[in-house]
Amino acid sequence: MNQTINKYSKQIIIVNSIFILFWLTISIFPFIWTLWGSFKVKADFFSRADWTYALSGFNTLIETGATTTFRAYLESWTEGEFGRATMNTMIVTVSVVSISLFLGTLGAYALSRSTFKYTFYILIIALIFRAMPHITLVSGYLFPFFQLNIWGILPTTIIVLVAINQPFTLWLLYSFFKTVPKELDESALIDGCSYFQAFRYIIMPVMWPGVVTAGLFSMMLAYNDFTVTALLLNQHNYTMVPKINAYLGTVEYGGNYMWAVSSVVSATAPLFMIIWFFQRQLISGLTAGAVKG
Amino acid sequence: MPHRTFFWFILPTALAMILFIGLPIVSSFFQSLHIENEQVLMEVENCDPFGCTTNVRVDVEATEKIEAENPLGRFNGFGTYTDRNHLAFDEIREAWDNTSSIGEFKDIVLNLPFYKALLFTLTFCFAVTPPVIVLGFIVALSVNTLAKSLKGLIVFGTILPMIVTPLIGSLVLFWMIDSQGIIGASIQILFDDPNLSLKASSNLTWITLIIYGIWHNTPFAFVVFYAALQTVPQDPLEAAYIDGATRFERVRFIVIPHLYPVATFIMLICLMDNFRVFEPIIGFSAEGVAQSLSWMIYQDLRNENKMLFGSAGATSMLTILGIAFLLTPVLIRTWKEFKTER
């Protein structure tokens, strides 16, 4: 029966394939184009005369002697200190993911196992916090951080990102722990475990699918953040995204567009690779609950 | 779980949220009640062979002293909220009194910074969301018909625009659409107009930003619809098939009604997320013609001379009000879900 329903006529298959191809072009082509262009010089990628120069590498050949060049990468990683920014991003991302998972699993486990009414209010407050635009929070941070003299350094930013990330992590892990049978840890409690022991020995071994999903979203938030990092870090400590923005506009780097283009590639490539491996977790996370990261 | 155990489990995360989400909102509110200190002026007499002149100068020492005593500035009450850069009550009253037609009045009001930003923010929200839902649904339907072996790859390609941060996403598009990029240059050749560019008119910029918004948000709608499509019950579909319903009719009368709740969910999330639109404006360098509420706050905090905490705080509070307005339906929905769960 199912086979007959799902059998598609030729026309549908053709129209469908064309549409999918069209759609994939829209979503992927800009990235491929940027990747291609990052190996050219500015006069080619931003060609006033003829955009086909970007394909043929006309000016690149004149300026560097070959049709592809790694010049933008080399310069941005050395002169542009993009390596430092990459290092900072790695520090921030790893710290944010581990800390927010640590806090999140504990909190979400408690929320999913408590039967009292306040759990509901905590979750609602988390939902409200989740909806706050990050920039409004940043406007609240700056003044106290200046007064306390903790502005501009990585630890502050890490803690802030962890906190901003908590509402979503809590909700995601809460809905995950709800699917873990209560009987598992209840039997451990009856056998004389404390709640911490039940969490440590019974829940931790089975929670990894949920943790991977939550970790993926924490990673994306920390890795991609611009609002918080651009305003809370000083230039020296910039992570990749604010650094790219700095290449475009500030006096220091003189609007060096090709640096920005190559850095965009350097920054997105690892992200795409990670998502390629964890695609299934990403999708399950997006559809899991009533919230989105 | 006993209260005491619960408390210890929840404490770290609650502390993080209270300190870095709850308190900043309060702190923002306090800032919004204050305004930057006035500079202390003093008269200085300058004498030279041609006589004496008195100049007014900033007394740096006295200003710094006040600054040190009151770093937050002086108390201003709700003054910042009603000034020209925010709700602009005086300007609106004046415009109301001095204009003869509604159109004229509208022009004046929509040129005030806050209302200009609000107009763009709302336009962006409401122009992006419907196409996102429709497009996301169509893409989900068509990916769903593909062979299983292809799905993984195509889903990955489809979600790319959502994964990159808005700043990078908008830059990547901007570099193509810019008058020196591939699309921009082709359009110029197509219309035979060398001056045609994204920045040529504010309408074009707005449209570009909205197209960007659709590009960035559709993958999310797609993913949620795609997952929901897997839960469509098969029995009614079979029954409809036996009764002779065409494919279109089956989608229209069985699949779409099944997805209504999902569509409202996507709509609310989309509205809420797009209300914070900010990074694309920087990515497209569209500050000149398109300002959003979040961008206004960023600008106050990025101010060259002195960070305008009061102004940023006031805009933040007004933005939060707007978010609260959009959030209410989501809260009601969650509330109901919880009630039925128990």
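What counts, and at which threshold
- Residues numbered from 1 in each chain as written.
- Chains lettered and ligands numbered in written order.
- Predicted model: local features only at pLDDT ≥ 70, side-chain atom pairs only at ≥ 80, totals over all residues.
- Heavy atoms only, no water.
- Helix = DSSP H or I, 4+ residues; strand = E, 2+ residues; numbered from the N terminus.
- Contact = heavy atoms within 4.5 Å.
- Areas by Shrake-Rupley, 256 points an atom, 1.4 Å probe, with all protein chains shown as cover.
- Lys, Arg positive; Asp, Glu negative; His and termini not counted.
- Charge placed at Lys NZ, Arg CZ, Asp CG, Glu CD.
- Buried < 20%, exposed > 50% of the residue type's maximum accessible area, 1.4 Å probe, protein only.
- Buried area = accessible area lost by both parts, 1.4 Å probe.
- Salt bridge = Lys/Arg side-chain N within 4 Å of Asp/Glu carboxyl O.
- Polar contact = N/O pair within 3.5 Å; in protein donor to acceptor, adjacent residues only side chain to side chain.
- Axes fitted to C-alpha atoms, helices over the stretch in contact; angles between N-to-C directions.
- Nonpolar A, V, L, I, M, F, W, Y, C, P; charged D, E, K, R; others polar.
- Domains from an automatic or database assignment.
- Pairing = 2+ DSSP bridges.
- Patch = residues over 30% accessible without salt bridge, like charges linked within 9 Å, V, L, I, M, F, W, Y side chains within 5 Å.
- Parallel < 35°, antiparallel > 145°, perpendicular 65-115°, else oblique.
- Left-handed = near helix turned anticlockwise from the far one by under 90°.
- Phe/Tyr/Trp six-rings, centres within 6.5 Å; stacked < 30°, edge-to-face > 60°.
- Expected span 1.5 Å × (residues − 1).
- Bend = angle between axes of the 7 residues up to and from the residue.
- Core = buried A, V, L, I, M, F, W, Y, C linked by side-chain atoms within 4.5 Å.

Engineer: Break down the overall build of chain A for me, with residues and values.
Structural biologist: The helix and strand inventory of chain A stands at 17 helices and 0 strands. Overall size of chain A, expressed as C-alpha extent along the three principal axes, is 80 × 70 × 30 Å. A fraction of 71% describes how many contacts in chain A between residues 6 or more apart in sequence connect residues 24 or more apart. Only carbon and sulfur atoms are counted for the fraction: they give 69% of the accessible area of chain A, which is about 12700 Å². Side chains of chain A give 16 positive and 12 negative charges; the mean places of these two sets differ by 10 Å.

Engineer: If you had to explain unusual backbone geometry to someone new, which residues and values would you point to?
Structural biologist: All names here are of chain B. Phi is positive for alanine 88, close to 50 degrees, though the residue is something other than glycine. Locating alanine 88 in the fold gives a position in the loop between α3 (79-82) and α4 (89-98). Of note in the backbone geometry, serine 285 takes a positive phi value of approximately 40 degrees without being a glycine. In this fold, serine 285 is placed in the loop between α13 (279-283) and α14 (293-301). Relative accessible area serves as the criterion here: at 31%, serine 285 is assigned to the partly exposed category.

Engineer: How would you sum up the interface of chain A and chain B? Please name residues and give values.
Structural biologist: Across the contact, 105 residues belong to chain A and 99 residues belong to chain B. When chain A packs against chain B, the two sides together hide about 9600 Å² of surface, and 77% of this comes from carbon and sulfur. Linking chain A with chain B are 0 salt bridges. Scanning the region where chain A abuts chain B turns up 18 residue pairs in polar contact (both at pLDDT 80 or more).

Engineer: Can you explain the packing of helix α15 (residues 240-249) of chain A against helix α8 (residues 166-177) of chain B? Please cite residues and give values.
Structural biologist: Here α15 of chain A crosses α8 of chain B at 35 degrees, and the two axes come no closer than 10 Å. Here Val241, Ile244, Asn245 and Leu248 of chain A of α15 of chain A lie close against α8 of chain B, whose contacting residues are Leu167, Ile168, Leu171 and Trp175 of chain B. Across the contact of α15 of chain A with α8 of chain B, the residue classes break down as 7 nonpolar, 1 polar and no charged.

Engineer: With reference to specific residues and values, describe the domain arrangement of chain B.
Structural biologist: Taken domain by domain, chain B holds domain 1 (33-74), domain 2 (78-104) and domain 3 (116-341). The C-alpha centroid of domain 2 of chain B is placed 32 Å from the C-alpha centroid of domain 1 of chain B.

Engineer: Pulling in residues and values, what's your account of the pairing of strand β2 (residues 41-48) of chain B?
Structural biologist: Residue and element names in this part refer to chain B. Bridge count between β2 and strand β3 (residues 51-58): 8 bridges; the pairing is antiparallel. Residue pairing across strands places aspartate 48 opposite glycine 51, the latter belonging to β3. The turn linking β2 back onto β3 is made up of 2 residues.

Engineer: Give a detailed account of a nonpolar patch on the surface, specifying residues and quantitative values.
Structural biologist: Nonpolar side chains collect at one region of the surface, where Leu15, Ile18, Leu19, Leu23, Val26, Phe29, Phe30 and Phe78 of chain B lie side by side and expose about 760 Å² of accessible area between them. The residue leucine 19 of chain B is located in helix α1 (residues 3-32) in this model.

Engineer: Run through the packing of helix α6 (residues 113-144) of chain B against helix α7 (residues 148-163) of chain B, naming residues and quoting values.
Structural biologist: All names here are of chain B. It is the contact of α6 with α7, at a shortest axis distance of 11 Å, that shows an interaxial angle of 165 degrees. In terms of orientation, α6 lies roughly antiparallel with respect to α7. In the crossing of α6 with α7, the sense of the turn from one axis to the other is right-handed. Together, Val139, Val143 and Asn144 of α6 and Lys151, Ile154, Val155 and Thr158 of α7 make up the contact between the two elements. Each residue belonging to the contact of α6 with α7 can be placed in one class, and the counts come to 4 nonpolar, 2 polar and 1 charged.

Engineer: For the environment of phenylalanine 278 of chain A, give the residues involved together with the corresponding values.
Structural biologist: Residue and element names in this part refer to chain A. Its place among the elements puts phenylalanine 278 in the loop between α16 (257-277) and α17 (279-288). On the accessibility criterion, phenylalanine 278 (33% relative accessible area) is partly exposed. Sequence separation of phenylalanine 278 and serine 194 is 84 residues, and the distance between their C-alpha atoms is 34 Å. Look past the residues within four positions of phenylalanine 278 in its chain and what remains in contact with it is Val212 and Leu216.

Engineer: Now, about the packing of aromatic side chains: what can you tell me, with residues and values included?
Structural biologist: Using the criterion set out here, one finds 46 aromatic pairs over all chains in the structure. Judged by centre distance (5.9 Å) and plane angle (75 degrees), the ring pair of tyrosine 109 of chain A and phenylalanine 177 of chain A falls under edge-to-face. Of the two residues, tyrosine 109 of chain A is situated in helix α7 (residues 82-113) and phenylalanine 177 of chain A in helix α10 (residues 154-179); the sequence distance between them amounts to 68 residues. The two residues tyrosine 109 of chain A and phenylalanine 177 of chain A agree in class, both being buried. Taken together, a centroid distance of 5.3 Å and an interplanar angle of 75 degrees make the contact between phenylalanine 7 of chain B and tryptophan 8 of chain B edge-to-face. Taken together, Phe31 and Phe272 of chain A together with Phe174, Tyr212, Trp215 and Phe284 of chain B form an aromatic cluster joined through their ring pairs.

Engineer: Any chance you could break down helix α12 (residues 247-274) of chain B for me, citing the residues and the numbers?
Structural biologist: The end-to-end C-alpha distance of α12 of chain B is 34 Å, clearly below the 40 Å that 28 residues give at a rise of 1.5 Å each. The largest bend along α12 of chain B reaches roughly 50 degrees and is located at tyrosine 260 of chain B, with the proline proline 261 of chain B sitting one to four residues downstream.

Engineer: I'd like a description of the nonpolar core, backed by residues and values.
Structural biologist: Ranked by size, the top nonpolar core spans 196 residues in total, and within it Phe177 of chain A together with Trp175 and Phe225 of chain B carry the most contacts. Those residues within four positions of tryptophan 175 of chain B in sequence are excluded, and the remaining contacts are Thr34, Phe45, Phe46, Leu248, Tyr257, Ala260, Val261 and Val264 of chain A together with Gly181 and Ile182 of chain B.

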